[in-house]
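If you want the building blocks of each chain, they are given just below.
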Amino acid sequence: MENPVVIVGAGLSGLRAASLLAAQGTNCKVLEARDRIGGRVLSTSDPSRPDLGKFDLGPTWFWPQYESTITNLVKELNIGTFAQHIKGAMISERSQHIPPERYVLPENSSERSIRFIGGVQSLIDAVADEIPAGVVELETRVTAIRLNEDGVSTVEVARADGMKTEVSARAVILAVPPRIVARHINFSPSLPQNIITDLIRPTWMAGQAKAIAVYDRPFWRESGLSGYATSWVGPLQEIHDASPETGSGALFGFFGIPAKTRREMGEDKVLNLVREQLVRLFGTSAQNVKAILYKDWSNDSETASEEDLDPLRDFPIYGQPPKSGVWEKKIVFAGTEANPQYGGHLEGALLAAEKAVVEINNLEGF
């Protein structure tokens, strides 16, 4: 059998590339360092209260009015969705010396965003179901890629049991964050310097953390609140309603505290501040939290590197790395950072996967 196209990373982009290659009959293999598929998609429930539902600790939304690729895929795979709850007043906390204030936003002032029933993991699972069994290998970390004299790429991997093996590849799709490629995969011969420099771009979400407070019901709606809040006090700087379509209630927030500060404070102190803030903003009912979920992506070695501890000052510029040298027709970049228009979005991950497959098909000999 011919050597496969090796895809590094089983996030949305890697899985979508695999499903497209498999659909056209191209032999491929997906190698994933984690013990799960999804990458930065992480939909989880509290182990002691799974009845409360699943909640997204990674990406949460897509926007059908702008993002046609994910919208069409969701329809094609028949994945259940619902609109983000935005009805009601927002809360603004501008200073620790001024009580939080309520504002009723003008109608249609917020962009319509869509969520997945069961979390974004339902999209991941649906795409994975399109891939033949045995293609995806978990707990398989790519450590090096070597280009042999005969033009065949050899992918060196380390498995969870400590074994090291090699996989021969017709070509390689890199569907992991660019900084992870630059910092954790050795290339022989080395990548050209202009590519290495380009790869040290910020990883989307790598310096962020998310906290989700889960309740037995979305009590804030009873007070005419949408669940949306902004705060200059923190620790959460932006809060949204994260409730499932029916049943329990949930509030999630993005942190204004830098990653280095969160690390110094420790998870317990960070979450205590989150609880205090939610009570401050939404009243004493916020004390009745049933579960609290937390993910600090800056501590995730498959996502973040030390550079990602520094806060982003501007939205990163994303797109395909430059192409040059002996690797030009042997490696292809995917992942959300490889898309110039929707980098950082699920849409960007899908578009990058589609482009990667087109590039693979255009390579000599394919």
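Everything here concerns the structure above.
Residues numbered from 1 in each chain as written. Predicted model: local features only at pLDDT ≥ 70, side-chain atom pairs only at ≥ 80, totals over all residues. Heavy atoms only, no water.

(A) View of the overall build of the protein. Per the secondary structure count, the protein includes 8 helices and 20 strands. Whereas a compact globule of 366 residues would reach a radius of gyration of roughly 21 Å, the protein reaches 22 Å, a difference of no more than 12%. Taken over the C-alpha atoms alone, the protein extends approximately 70 × 40 × 40 Å along its principal axes. In the protein, buried positions account for 52% of the 366 residues. (Helix = DSSP H or I, 4+ residues; strand = E, 2+ residues; numbered from the N terminus. Rg over C-alpha atoms; globule rule 2.2 N^0.38 Å. Buried < 20%, exposed > 50% of the residue type's maximum accessible area, 1.4 Å probe, protein only.)

(B) View of the pattern of salt bridges. According to the stated counting rule, one finds 24 salt bridges in the structure shown. Linking arginine 40 and glutamate 337 is a salt bridge whose minimum nitrogen-to-oxygen distance equals 2.7 Å. Placement of the pair is arginine 40 in the loop between β2 (28-31) and β3 (43-44) and glutamate 337 in the loop between β20 (331-333) and α8 (346-362), with a sequence separation of 297 residues. With respect to burial, arginine 40 and glutamate 337 carry one shared label: buried. Residue arginine 201 pairs with aspartate 198 through a salt bridge whose shortest N-O separation is 2.1 Å. Note on aspartate 198: relative accessible area 25%, which makes it partly exposed. Through salt bridges that share partners, Glu32, Arg34, Lys295 and Asp300 make up one connected network. (Salt bridge = Lys/Arg side-chain N within 4 Å of Asp/Glu carboxyl O.)

(C) Region of the structure containing the nonpolar core. The biggest cluster of nonpolar side chains holds 39 residues, and the ones touching the most others in it are Phe116, Leu123 and Ile173. Those elements that provide at least two residues to this core are β1 (5-8), α1 (12-23), β2, α2 (68-76), β8 (114-116), α3 (121-128), β13 (171-174) and α8. Considering every element that reaches this core, the biggest residue donor is α8, with 7 residues. Other than its neighbours up to four places away in sequence, phenylalanine 116 contacts Thr60, Phe62, Ile70, Val74, Ile79, Gly80, Thr81, Phe82, Ser122, Leu123 and Leu346. (Core = buried A, V, L, I, M, F, W, Y, C linked by side-chain atoms within 4.5 Å. Contact = heavy atoms within 4.5 Å.)

(D) Molecular detail of the packing of aromatic side chains. This structure, assessed with the given rule, holds 12 aromatic pairs. Ring plane angle 85° and centroid distance 5.1 Å describe the contact between tyrosine 215 and phenylalanine 219, whose orientation is recorded as edge-to-face. On the basis of relative accessible area, phenylalanine 219 is assigned to the buried category, the value being 6%. Seen from their ring centres, phenylalanine 219 and tryptophan 220 are 4.9 Å apart, and the 80° between their planes marks the pair as edge-to-face. For the pair phenylalanine 219 and tryptophan 220, a shared accessibility class is recorded, and that class is buried. Among the aromatic residues, those joined into a ring-pair cluster are Trp61, Trp63, Phe252 and Phe254. Above the plane of the ring of phenylalanine 252 lies lysine 210, whose end atom (NZ or CZ) is 4.2 Å from the centre. Seen from the ring of tryptophan 297, lysine 295 lies directly overhead, with NZ or CZ sitting 4.8 Å from the centre. (Phe/Tyr/Trp six-rings, centres within 6.5 Å; stacked < 30°, edge-to-face > 60°. Lys NZ or Arg CZ within 6 Å of the ring centre and 35° of its normal.)

(E) Quick peek at helix α7 (residues 267-282). Taking 1.5 Å as the rise per residue, α7 with 16 residues should run 22 Å; its terminal C-alpha atoms sit 22 Å apart, in good agreement. Taken together, the buried positions of α7 are occupied by Val270, Leu271, Val274, Gln277, Leu278, Leu281 and Phe282. Along α7, the residues classed as buried sweep out an arc of 115° about the axis, all on the same side. (Expected span 1.5 Å × (residues − 1). Arc of directions from axis to C-beta.)

(F) Focus on the sheet that holds strand β7 (residues 101-103). Read from one edge of the open sheet, 7 strands run β7-β6-β16-β17-β18-β15-β19, paired in mixed fashion. Of all the strands in the sheet, the pair left with one neighbour each is β7 and β19 (291-296). Adjacent strand axes in the sheet meet at a mean angle of 20° when their direction is disregarded. For strand β6 (residues 89-93) and strand β16 (residues 225-231), the ladder comprises 4 bridges, and the chain directions are parallel. Along β16, the bridge assignment pairs serine 92 with threonine 230. (Pairing = 2+ DSSP bridges. Axes fitted to C-alpha atoms, helices over the stretch in contact; angles between N-to-C directions.)

Without other data, these values stay purely geometric and don't point to any function.
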